[in-house]
Amino acid sequence: AQSVTQLGSHVSVSEGALVLLRCNYSSSVPPYLFWYVQYPNQGLQLLLKYTSAATLVKGINGFEAEFKKSETSFHLTKPSAHMSDAAEYFCAVSKNNQGGKLIFGQGTELSVKP
Amino acid sequence: DGGITQSPKYLFRKEGQNVTLSCEQNLNHDAMYWYRQDPGQGLRLIYYSQIVNDFQKGDIAEGYSVSREKKESFPLTVTSAQKNPTAFYLCASTGLATNEKLFFGSGTQLSVL
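In short, a report on the structure. Bear in mind the structure is a predicted one, so any value in this text is a computation, not a measurement.

Residues and elements named next belong to chain B. Considering all chains together, one arrives at two disulfides over all chains under this definition. A sulfur-sulfur separation of 1.9 Å characterises the disulfide bridge that pairs C23 with C91. Judged by the sign of its S-S torsion, about -75°, the bond between C23 and C91 is left-handed. With C23 in strand β3 (residues 19-25) and C91 in strand β9 (residues 87-94), this pair connects stretches of sequence that are 68 residues apart. Classification of C23 as buried rests on a relative accessible area of 0%.

Here is the structure:
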């Protein structure tokens, strides 16, 4: 069975500081992994996805994530936080690698302090 | 502009009542999905459809029903059998190529009166 665990339901950083949101996965097959962002009362928007082409994946808004098979991790980072990055972030794995059937982590709410 | 439209944005259900959430897309996507979002639990798959007139249960289908009579539309009915319906419901769509990204609607917040 596949699963995703996000460490930390709430992360707070200062504007300009490094953002690190942690995600660990469990999968019996080579996984396809995603990070989505959700702004209040809105749907989710894809930040980036890993589909085995490259272990370091660059996404929108300056975010990137590195797939580490040995650590079963797919942590999301951004070198310098901006106020507009405040949102909820979800890590997800594609269920049996079938398109839109995703298994989501419980989410991490990112707060950015001025 | 292409996208997914969910309506209404807010919906209230009385005890014993069935309610239907609308989802329409003009992206020409074959596959459509319904997810339920509860605070602190992430999103869970309710139903999905990959072709007109066909749909499959997701992980939490009990108390819900769907139809897919048109490619553009995938309405979700929350029946009276769903005893804990209060949640944020998200509709999504994608093409059928492996691991294409999901496009999400802006969601419907359902609450029980």
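Residue and element names in this part refer to chain B. Spatially, four strands are ordered β1-β3-β8-β7 in an open sheet, and the strand pairing comes out antiparallel. Across the chains shown, the open sheet's two edge strands, defined by having one partner strand only, are β1 (4-7) and β7 (64-66). Ignoring which end each strand starts from, the neighbouring axes of this sheet average 20° apart.

A grouping of B:Y10, B:F12 and B:L113 is seen on the molecular surface, where their side chains present a nonpolar patch of about 380 Å² in accessible area. Positionally, B:F12 belongs in strand β2 (residues 10-13).

With that out of the way, let us pick up the sheet that holds strand β1 (residues 3-7) of chain A. Residue and element names in this part refer to chain A. Spatial strand order, β1-β3-β8-β7-β6: five strands in an open sheet with antiparallel pairing. Of all strands in the sheet, those bounded by a partner on one side alone are β1 and β6 (56-58). Each neighbouring strand pair of the sheet contributes to a mean axis angle of 20°, computed without reference to strand direction. Two strands pair when backbone bridges link them, and β1 and strand β3 (residues 19-26) are joined in this way by five bridges, in the antiparallel orientation. Note that in β3 the partner of Q6 across the bridge is C23.

Rules and cut-offs
Residues numbered from 1 in each chain as written. Chains lettered and ligands numbered in written order. Predicted model: local features only at pLDDT ≥ 70, side-chain atom pairs only at ≥ 80, totals over all residues. Heavy atoms only, no water. Disulfide = S-S within 2.5 Å. Helix = DSSP H or I, 4+ residues; strand = E, 2+ residues; numbered from the N terminus. Buried < 20%, exposed > 50% of the residue type's maximum accessible area, 1.4 Å probe, protein only. Pairing = 2+ DSSP bridges. Axes fitted to C-alpha atoms, helices over the stretch in contact; angles between N-to-C directions. Patch = residues over 30% accessible without salt bridge, like charges linked within 9 Å, V, L, I, M, F, W, Y side chains within 5 Å. Areas by Shrake-Rupley, 256 points an atom, 1.4 Å probe, with all protein chains shown as cover. Salt bridge = Lys/Arg side-chain N within 4 Å of Asp/Glu carboxyl O.

By themselves these figures say nothing about function.
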